[in-house]
Protein chains: 2
Amino acid sequence: MTSRAALIAIGSELLGPRRQDTNALWLTEQLESVGIEVVRKACVGDDEQEIALELSFALARAPLVLATGGLGPTGDDRTREAAARAFGLRLTRDELILQALRQRFARRGLEMPSVNEKQALVLEGSRVIENRRGSAPGVWLERDGALIVLLPGVPVEMREMFEHRVLPEAAQRFGAARRYRRILKIAAMGESAVEERVAPVYARWPEHSFTILSSVGEVQLHLSASGTEEEAHRTLDAQSRDFEEALPGLIFGRDEDTLEKAVGGLLRAGGKTLAVAESCTGGLVGGRVTEVPGSSDYFLGGLISYADFAKEKFLGVSRELLILHGAVSEEVSRAMAEGAARGFGADFGLAVTGIAGPGGGSAEKPVGTVWIALSQKGKETESRRLRLPGDRRSVRTWAGATALEMLRRRLAGAAHA
Amino acid sequence: MTSRAALIAIGSELLGPRRQDTNALWLTEQLESVGIEVVRKACVGDDEQEIALELSFALARAPLVLATGGLGPTGDDRTREAAARAFGLRLTRDELILQALRQRFARRGLEMPSVNEKQALVLEGSRVIENRRGSAPGVWLERDGALIVLLPGVPVEMREMFEHRVLPEAAQRFGAARRYRRILKIAAMGESAVEERVAPVYARWPEHSFTILSSVGEVQLHLSASGTEEEAHRTLDAQSRDFEEALPGLIFGRDEDTLEKAVGGLLRAGGKTLAVAESCTGGLVGGRVTEVPGSSDYFLGGLISYADFAKEKFLGVSRELLILHGAVSEEVSRAMAEGAARGFGADFGLAVTGIAGPGGGSAEKPVGTVWIALSQKGKETESRRLRLPGDRRSVRTWAGATALEMLRRRLAGAAHA
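About the thresholds
- Residues numbered from 1 in each chain as written.
- Chains lettered and ligands numbered in written order.
- Predicted model: local features only at pLDDT ≥ 70, side-chain atom pairs only at ≥ 80, totals over all residues.
- Heavy atoms only, no water.
- Contact = heavy atoms within 4.5 Å.
- Buried area = accessible area lost by both parts, 1.4 Å probe.
- Salt bridge = Lys/Arg side-chain N within 4 Å of Asp/Glu carboxyl O.
- Polar contact = N/O pair within 3.5 Å; in protein donor to acceptor, adjacent residues only side chain to side chain.
- Helix = DSSP H or I, 4+ residues; strand = E, 2+ residues; numbered from the N terminus.
- Nonpolar A, V, L, I, M, F, W, Y, C, P; charged D, E, K, R; others polar.
- Pairing = 2+ DSSP bridges.
- Least-squares fit on C-alpha atoms with pLDDT ≥ 70 in both.
- Axes fitted to C-alpha atoms, helices over the stretch in contact; angles between N-to-C directions.
- Parallel < 35°, antiparallel > 145°, perpendicular 65-115°, else oblique.
- Left-handed = near helix turned anticlockwise from the far one by under 90°.
- 1 Å grid on protein atoms, 1.4 Å probe; cavity = no way out; pocket = protein on both sides within 12 Å on 5 of 7 lines; lining within 4 Å.
- Points joined across faces, edges and corners; volume = space filled by probe spheres on them.

Trainee: A description of the interface of chain A and chain B should follow, citing residues and the corresponding values.
Mentor: Where the parts come together, the accessible area they lose is often given as the size of the interface. Contacts between the two partners involve 67 residues from chain A and, on the opposite side, 67 residues from chain B. Summing both sides of the interface, chain A and chain B together bury roughly 5300 Å²; the carbon and sulfur share of this comes to 54%. Among the residues chain A hides against chain B, the three largest losses belong to P17, R18 and Q20 of chain A. Together they make up 13% of the total. Where chain A touches chain B, the interface holds twelve salt bridges. Among the salt bridges present, the one from E29 of chain B reaches R18 of chain A, with a minimum N-O distance of 3.1 Å. In this assembly, chain A and chain B are joined by 39 residue pairs in polar contact (both at pLDDT 80 or more). Counting residues per element, the side of chain A that touches chain B draws most heavily on strand β2 (residues 36–44) of chain A, which supplies seven residues. Along the lines of polarity and charge, the residues of the side of chain A that touches chain B split into 28 nonpolar, 20 polar and 19 charged. Inspection of the sheet shows strand β14 (residues 299–304) of chain A paired to strand β14 (residues 299–304) of chain B by three bridges, in the antiparallel sense. Across the sheet, residue L303 of chain A finds its bridge partner in β14 of chain B, namely L303 of chain B.

Trainee: Give a detailed account of the relation of the copies chain A and chain B, specifying residues and quantitative values.
Mentor: Between chain A and chain B, which share one sequence, the superposing operator has a rotation angle of 179° and an axial displacement of 1.9 Å; the RMSD is 2.1 Å. Such values leave the two copies arranged in the relation of a two-fold axis.

Trainee: Please give an account of the packing of helix α2 (residues 48–61) of chain A against helix α2 (residues 48–61) of chain B that cites residues and values.
Mentor: Two packed helices can be described by the angle between their axes and the distance between those axes. Where α2 of chain A contacts α2 of chain B, the axes come no closer than 12 Å and their chain directions differ by 165°. The angle between α2 of chain A and α2 of chain B falls in the class roughly antiparallel. By crossing handedness, the relation of α2 of chain A to α2 of chain B is classed as right-handed. Contacts between α2 of chain A and α2 of chain B involve Q49, E50, L53, E54, F57 and R61 of chain A from the former and Q49, E50, L53, E54, F57 and R61 of chain B from the latter.

Trainee: Account for empty space enclosed by the protein, with residues named and values stated.
Mentor: Here the structure, examined in full by the defined rule, presents three cavities of 30 Å³ or more. Each pocket or cavity is described by its volume, and for the largest cavity that value is around 250 Å³. If you go around the largest cavity, you meet 20 residues; those closest to its centre are Q20, K41 and C43 of chain A together with K41 and C43 of chain B. Elements supplying a minimum of two residues to the lining of the largest cavity: β1 (3–10) and β2 of chain A together with β1 (3–10), α1 (23–33), β2 (36–44) and β3 (64–68) of chain B. Of the residues in the lining of the largest cavity, the class split is 13 nonpolar, three polar and four charged. What lines the second largest cavity is simply R80, I97, Q119, L121, V122, L123, S126, R127, V128, P137, G138 and V139 of chain B. Mapped onto the lining of the second largest cavity, the elements with two or more residues apiece are β5 (121–123), β6 (127–129) and β7 (138–143) of chain B. For the lining of the second largest cavity, a count of residues per class yields seven nonpolar, three polar and two charged.

Trainee: An account of the sheet that holds β1 of chain A is requested, with residue identities and associated values reported.
Mentor: Spatially, β6(A)-β7(A)-β8(A)-β3(A)-β1(A)-β2(A)-β2(B)-β1(B)-β3(B)-β8(B)-β7(B)-β6(B) is the arrangement adopted by the twelve strands of the open sheet, whose pairing is mixed. The sheet is open, and its two edges are formed by β6 (127–129) of chain A together with β6 of chain B, each paired on a single side. For this sheet the average axis-to-axis angle between neighbouring strands, irrespective of direction, equals 20°.

Trainee: A description of the sheet that holds strand β17 (residues 382–387) of chain B should follow, citing residues and the corresponding values.
Mentor: Taking strand neighbours across the sheet as the criterion, the ten strands line up as β17(A)-β16(A)-β15(A)-β13(A)-β14(A)-β14(B)-β13(B)-β15(B)-β16(B)-β17(B) in an open arrangement whose pairing is mixed. If you trace the sheet from one side to the other, it starts and ends with β17 (382–387) of chain A together with β17 of chain B, each paired once. The mean angle between the axes of side-by-side strands here comes to 15°, regardless of whether they run parallel or antiparallel. With seven bridges connecting them, strand β15 (residues 348–354) of chain A and strand β16 (residues 369–376) of chain A associate as antiparallel partners. Within β16 of chain A, the position partnered with G349 of chain A by the bridge is S375 of chain A. Lying over the sheet, helix α10 (residues 308–315) of chain A contacts β13 (274–278) and β14 of chain A together with β14 of chain B, oriented at roughly 140° with respect to β14 of chain A. Docked against the sheet, helix α10 (residues 308–315) of chain B engages β14 of chain A together with β13 (274–278) and β14 of chain B, running at close to 140° with respect to β14 of chain B.

Shown next as structure tokens:
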């Protein structure tokens, strides 16, 4: 049985078209870690009445209400006043807080501006939560077994205060079994193709909920389990094994892993080196491979052969091949991969050539046609044609992910999807 | 006098720690464009009671309520039922909608699953809004002069429906003076450096508010004005001129422009070509240049010279220079730029070599040290040293943006910042 929490983000800047509150995501993660579930969240502007109404409404929905923002010294900061109005409480000035605020400024050789006096106003019956990172104190207010906590909106101040001054007591009072999470990652497969394969796993764990999230070229499976740390990890391990079985060799990593890290780890472990030859991706594959610190140990470099003559000059692709088959063809992709490996003296050569669009397509080779080739010293070169949907960015990202995944599967000795 | 709107995002997945509703940002932009202000927004889960309470609460706060999500066919989708409960209305099955849904499936050669029948339930007294991109119809419901619109949660469906079926009438009924916006963009300058230069402009327009936003390697100035379209554009033009004067030659574009588009436009206009040589950026510069459709007209390609021998072999950088000065040095960056231009027969050669970290730094060349060089046929090669803060990703992104901006200023004949 989990407890319920409601979150409120206060600040007119959060109601515009460009900015989003991120405190709620962090708070949700913290609350979930102690088994408290967020059942609603809201954003309201710097308006005393709106804040007051939202505080009352939220308190009717959940026994734990956390509000962030509006505790600063300016006229815009109305959260304290709104709480006083919502719960019919008086605000009185606390001389000790005022003194502490003055000292805070004095330590930096400053006189406290008079506007800051407002931050010494204390809500009748509430407890003040010290702010170790800034001037706005927090507020701890209990009402009939429920708890309302007002926190500053500045993330670094809010986080320190919540983690050390709020979470331990809130966990004790409202917490249930902690939830542990794990993410499994799959590259270069569509969401529905993954879903089809894992459906039997969902069925095997009926009392668990899984989330599948996809971005261009990557699918993530989100798992969670509760109980003691040991129990939860045992469950997550068993579920992970089931997913591995449903997707043999196709899960490239978990949690913070990236595809380029996975590829890099395998190259390093095998003492192998890589060079790339990129046309339609224009450098994106090299860019991803070199995101990983220390990638110079296995990545030798590459050629961005955007113009056809560069494929001849730097990669040794013959003019005949280019004329006969065109730059976007199986033959040219293979020659590019082999040329990159040879030119850089690398164990592996990875090539991408395609039509990213929006122009340049034909009936025979429509936009989204991409050839990927992988050459390896002493082995036959492998190539694959893709027909990718979406816009230029999506075609390029998918093509890059598929190339890296092709190399990863070769390195891992995995079967093909 | 602007009108007030309240937004509700419905879906349990939006209450977790990893995912945020983005529909509200897009809707806010659309509403602001017709002078309607968002006064609150909330996220609630797939819970009929929670949705019903939020709908009633939102309607008490604003005469226009827009809810997204929960209109699909599954048991989780409870928005229709919640609205019926909130406003005491009956749900009845509409045979015409049912027929249209069946036809939609039939066109794709499928039989409609029985769960989809739910999507033909119509709220008493409401109007159905056709969904041209998916199966979930929207709902248009009027209550005592107020308007509640239920929209699908899938962005592409929601956007089409809102733009064509909701916004025109909502604007007429609730709209006020439309706000016009403009974004001015600056690359490879810090936020505070930009702010210092534009402070006098802020002072010249005291009744206007400007927003400055920064991401790695780019700063944006957000302007807005209201009134008739002509008046607003006159104001934005005058403000833009003031900012141009404060940042002479440093604003590379506006609104949807990107730095790579600006560079591409100038190369194309001058009939010039470009080749790159990248070490620490590993292909990111080529990747950005080729984001632009049609970039093959001016981008010939490049070399990712991650290993030192590749700088010798493909770019003709002499071994002496590499030994004497090291790969991250002014001399090597210049030789790389010249080698790229020569090798590809390009008008411009752009080179980046640096230490992106976290390893590889020294007292003399700490992490974040980057040399950028630009060679041009018939001109002296230009080079610049950067000392960039931040992590590997940030160093690489800044380095790439600075290289492109160096080329842009040369092409635009602009003064140096």
